[in-house]
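Coordinates in review
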Amino acid sequence: DVKVTQSSRYLVKRTGEKVFLECVQDMDHENMFWYRQDPGLGLRLIYFSYDVKMKEKGDIPEGYSVSREKKERFSLILESASTNQTSMYLCASLSGGEVDTQYFGPGTRLTVL
Amino acid sequence: AQTVTQSQPEMSVQEAETVTLSCTYDTSESDYYLFWYKQPPSRQMILVIRQEAYKQQNATENRFSVNFQKAAKSFSLKISDSQLGDAAMYFCAYRSVGAQKLVFGQGTRLTINP
């Protein structure tokens, strides 16, 4: 089974802190994604990566950056956390091929005080 | 840009009965993929069912089936014989052929009443 893991289930940070959210997948997938999930808005794409060191902005990249130094790991960085970044963050990886399904991690609930 | 709309924020159904969740989408593309994802209270999102737009036959997976109406741009999910374990947030999603990213709807929270 594909496994996508995220470093924390719950995280509390203060305004202005630099925050790192880590995601690791174990299936050698090329593509990885970061979404944020907010009530009534569904999932919105922040950034995705289609290869090591390659990235592309999603729909809401402002205030975020990403890093992909190794194929299995994709990090989301909040350079200076703000209260409006309080949200659920979901990581996903894409299998490719005929099945072509995104597999999701368990999510990180981030609260910025 | 493509958009996906789920107009039912919440739905409830009695155990063992059938429920249908609605999804509409907007696109100018003729070929694409549609998905229903389930997010149980434990939060791990899982794929329920997938439909290729070029296939006229509606996809089915055990108790889950879709009603895909391409001309109407509608993609509803029918859950038969509802079980307590079906309680979750359900998200409809769209993906263009050749693209990697998904466009999600707002989600529908489904409650199963025993």
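Now for a description of the structure that goes with this document.

Calculation notes
Residues numbered from 1 in each chain as written. Chains lettered and ligands numbered in written order. Predicted model: local features only at pLDDT ≥ 70, side-chain atom pairs only at ≥ 80, totals over all residues. Heavy atoms only, no water. Helix = DSSP H or I, 4+ residues; strand = E, 2+ residues; numbered from the N terminus. Buried < 20%, exposed > 50% of the residue type's maximum accessible area, 1.4 Å probe, protein only. Contact = heavy atoms within 4.5 Å. Areas by Shrake-Rupley, 256 points an atom, 1.4 Å probe, with all protein chains shown as cover. Lys, Arg positive; Asp, Glu negative; His and termini not counted. Charge placed at Lys NZ, Arg CZ, Asp CG, Glu CD. Polar contact = N/O pair within 3.5 Å; in protein donor to acceptor, adjacent residues only side chain to side chain. Salt bridge = Lys/Arg side-chain N within 4 Å of Asp/Glu carboxyl O. Pairing = 2+ DSSP bridges.

Glancing now at the overall build of chain A. Assigned secondary structure in chain A consists of 0 helices and 11 strands. Ordered by position from the N terminus, the helices and strands of chain A form the series β-β-β-β-β-β-β-β-β-β-β. Counting only residues that meet the buried cut, chain A has 49% of its 113 residues in that class. When contacts within chain A are restricted to residue pairs at least 6 apart in sequence, long-range pairs at least 24 apart make up 54% of them. When the accessible surface of chain A is split by element, carbon and sulfur atoms take 49% of a total near 5,500 Å². Here chain A contributes 15 positively and 16 negatively charged side chains, and the mean placements of these two sets differ by 8 Å.

Residue and element names in this part refer to chain B. Residue position: Gln51 is located in strand β6 (residues 46–52). Within the structure, the side chain of Gln51 is placed 3.1 Å from the backbone oxygen of Lys55, a separation counted as a polar contact. Not counting residues within four places of it along the chain, the set of residues in contact with Gln51 comprises Tyr32, Tyr33, Leu34, Gln57, Asn58, Ala59, Val66, Phe68 and Phe75.

Side chains carrying opposite charge are able to pair once their charged atoms draw close together. All names here are of chain A. One pass over the full model with this rule turns up 12 salt bridges over all chains. The salt bridge partner of Glu79 is Lys18, with a shortest N-O separation of 3.5 Å. Of this pair, Glu79 sits in the loop between β8 (73–78) and β9 (87–94) while Lys18 sits in the loop between β2 (10–13) and β3 (19–25), and the two are 61 residues apart along the sequence. The network of salt bridges with common partners includes Asp28, Glu30 and Lys71.

Further remarks concern the pairing of strand β4 (residues 31–38) of chain A. Residues and elements named next belong to chain A. When you tally the buried positions in β4, you get 8 out of 8 residues, the bulk of the element. Neither face of β4 is left uncovered, since the one carrying Asn31, Phe33, Tyr35 and Gln37 and the one carrying Met32, Trp34, Arg36 and Asp38 both have all their residues buried. As defined by bridge partners, β4 adjoins β9 across 7 bridges and the pair is classed as antiparallel. Note that in β9 the partner of Phe33 across the bridge is Ala92.

On to the pairing of strand β5 (residues 42–51) of chain A. Residues and elements named next belong to chain A. Taken across its 10 residues, β5 has 7 buried, putting it largely inside the fold. Here 3 bridges tie β5 to strand β6 (residues 54–57), and the two strands are oriented antiparallel to one another. Looking at β6, one finds that Tyr47 is bridged to Lys57. The hairpin formed by β5 and β6 contains 2 residues between the paired strands, and Lys53 there has a positive phi angle of roughly 65 degrees.

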